[in-house]
Amino acid sequence: MEKFRGVDYYRIEDLLSEEERMIRDTIRDWVEAEFLPVVTEHHRAGTFPVNLIPKLGEMGVFGATLKGYGCLGLNNVAYGLIMQELERGDSGLRSCASVQSGLVMYPIYSYGSEAQKQRWLPAMATGEKIGCFGLTEPDHGSDPGGMKTRATRRGDGYVLNGTKLWITNGSIADVAVVWAKEDDGEIGGFLVEKGTPGFSTLDIHGKFSMRASITSELAFQDCKIPLENRLPGVKGLKGPLSCLNQARYGIAWGAVGAAMACYDWALQYAQQRIQFGKPIASFQLVQQKLVWMITEITKAQLLVLQLGRLKDQGKLRPQHVSMAKSNNVQIALDTARLARDVLGAAGIVDEHPIIRHMLNLETVNTYEGTHDIHTLIVGRDITGLDAFGI
Ligand code: TGC
Ligand code: FAD
């Protein structure tokens, strides 16, 4: 297949600034030259290319919208385009970057003390330090408010007990942002450093999705956390949920990248593959699939562009993000499945990127709030009625 040709049916390019286009192209070229040549071997081995992390830092990917502390202070559309291009490579690559930026640097920046910011943000911006975000537990995924992990105040600090599951970057992280209930029953955020006695990690194996990404369990057993490692600026479930707004925003853009990769590959394949003496792209049913893909991708591109502009204007609401996350991941997953179908048997081997994207998108559909949870968030917003439970 030829190099990726870009997917822009509606000249959305014209709606971007020169700087936004330049940032997108920088990441696009890097993914093409440095990441795509190695992704299949990492996907097969179930490893993440940690050696590429410093380069991501050098390009300004980590915490790209934050101001100061070595971060670029980009606008949200530029950040979204970065996420799109990383996920055109692999959802695991975008995951690493969105956890670092949206789920670790963002809470430290927004809720941390000046000392915490100085300690972590510059080193995380360069990729010298890596972070992870521990919210989900074995018994509490969609309902994180029911978490069992406890941070008990004792002496000059806290004692942490509990387990977090399905944590991206878990075992490679230098610091974990861990959410736990304090003595008053309210949720607080804690910075737990690698090597703290009582803190251990275990990687999850046997994944058929997000193979080129580290996913771990974090265990805390009488783990002592100094007072100064508590995030002082937030209390309650809105702390972790506000971080999720940032990461879900990146996913809404990233999913477009995965869909673009699948569509472009399937189109090129269909133009070259001959059956019944003709390119399969000449058959009406194949064209219908390709047209469905490009139509949904174009709608998704417009959705995230406006989402980004709203975010830059300070008019974005979390429910807007829920609509874009669930819609864009759904159309990306459907695009990947259709693209896989267009390749026939060839679609099931990793010589082509489609099956890898398709499997990854099953995770993307689930994490950061499942498709159905986001449906219920929008449903609650428009009806005023809560349909989450009893
Ligand atoms: P609810 O009563 O709705 O809200 C509790 C408090 O939080 C506030 N709030 C938000 N604040 C900021 N942003 C949001 N998106 C917010 N949503 C709610 C709300 O105003 C309230 O504040 P206050 O001041 O009144 O206390 O809470 P609920 O218990 O009914 O739960 C609502 C629900 C189901 C929507 C929420 O729990 C949810 O979003 N569940 C999904 C869980 C989830 O997304 N987990 C993700 C884990 S992290 C992850 O997957 C990382 S993957 C990383 C990668 O590799 O890319
Ligand atoms: P459940 O909550 O058990 O949901 C199971 C099913 O029930 C879903 O279909 C769901 O939609 C449905 N359901 C649940 N409640 C309702 C309801 N009220 N109404 C209707 N349907 C409902 N978490 C982190 O904290 N940090 C991370 O870095 C992280 N990384 C991840 C990486 C990977 C690869 C994966 C797979 C997950 C990751 N997660 C992470 C966890 C992720 O956020 C959760 O898996 C997700 O929130 C769903 O929780 P659950 O898996 O427990 O599913």
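What counts and how
- Residues numbered from 1 in each chain as written.
- Chains lettered and ligands numbered in written order.
- Predicted model: local features only at pLDDT ≥ 70, side-chain atom pairs only at ≥ 80, totals over all residues.
- Heavy atoms only, no water.
- Helix = DSSP H or I, 4+ residues; strand = E, 2+ residues; numbered from the N terminus.
- Rg over C-alpha atoms; globule rule 2.2 N^0.38 Å.
- Buried < 20%, exposed > 50% of the residue type's maximum accessible area, 1.4 Å probe, protein only.
- Contact = heavy atoms within 4.5 Å.
- Lys, Arg positive; Asp, Glu negative; His and termini not counted.
- Charge placed at Lys NZ, Arg CZ, Asp CG, Glu CD.
- Axes fitted to C-alpha atoms, helices over the stretch in contact; angles between N-to-C directions.
- Parallel < 35°, antiparallel > 145°, perpendicular 65-115°, else oblique.
- Left-handed = near helix turned anticlockwise from the far one by under 90°.
- Nonpolar A, V, L, I, M, F, W, Y, C, P; charged D, E, K, R; others polar.
- Domains from an automatic or database assignment.
- Buried area = accessible area lost by both parts, 1.4 Å probe.
- Salt bridge = Lys/Arg side-chain N within 4 Å of Asp/Glu carboxyl O.

Participant: Please give an account of the overall build of the chain that cites residues and values.
Facilitator: In terms of helices and strands, the chain carries 10 helices and 11 strands. For 390 residues, the compact-globule estimate of 2.2 N^0.38 gives 21 Å, and the chain sits close to it at 21 Å. Relative to its 390 residues, the chain shows a buried fraction of 55%. Contacts in the chain between residues far apart in sequence, at least 24 positions, make up 74% of those at least 6 positions apart. Averaging the positions of the 41 positive and the 44 negative side-chain charges in the chain gives two centres separated by 2 Å.

Participant: Requested: an account of the packing of helix α6 (residues 238-272) against helix α8 (residues 318-342), with residues and values cited.
Facilitator: Running from N to C, α6 and α8 cross one another at 20°; their axes reach a closest spacing of 8 Å. Viewed along their axes, α6 and α8 adopt a mutual orientation that is roughly parallel. At the point where α6 passes α8, the crossing takes the left-handed sense. Class assignment for the residues of the contact of α6 with α8 results in 20 nonpolar, 3 polar and 2 charged.

Participant: Describe in detail the domain arrangement of the chain, supporting the description with residues and values.
Facilitator: Taken domain by domain, the chain consists of domain 1 (12-126), domain 2 (131-229) and domain 3 (238-383). For domain 1 versus domain 3, the separation of C-alpha centres amounts to 20 Å. For the pair domain 1 and domain 3, the summed buried area comes to about 2,600 Å², and 60% of that belongs to carbon and sulfur atoms. When residues of domain 1 are sorted by the area they lose upon contact with domain 3, Ile 12, Asn 76 and Gln 84 head the list and together hold 21% of the total. Seen at the junction of domain 1 and domain 3, the total is 3 salt bridges.

Participant: Lay out the packing of α8 against helix α10 (residues 371-383) in plain terms, naming residues and giving numbers.
Facilitator: The description of two helices packed together rests on the angle between their axes and the distance between the axes. Where α8 meets α10, the axes come as close as 9 Å, and the angle between the chain directions of the two elements is 140°. Crossing of α8 against α10: the hand is left-handed. The residues of α10 that touch α8, namely those facing Gln 319, Ser 322, Met 323, Lys 325, Ser 326 and Gln 330, are His 371, His 374, Ile 377, Val 378 and Asp 381. When its residues are assigned to classes, the contact of α8 with α10 shows 3 nonpolar, 6 polar and 2 charged.

Participant: Describe unusual backbone geometry, and please don't skip the residues or the numbers.
Facilitator: A positive phi is found at Arg 11, a non-glycine position, where the angle reads about 55°. Structurally, the position occupied by Arg 11 is in the segment before α1 (18-45). Take Arg 11: its relative accessible area is 57%, and that puts it in the exposed class. Phi is positive for Glu 368, which is not a glycine, with a value near 60°. Inspection of the secondary structure assignment puts Glu 368 in the loop between α9 (354-366) and α10.

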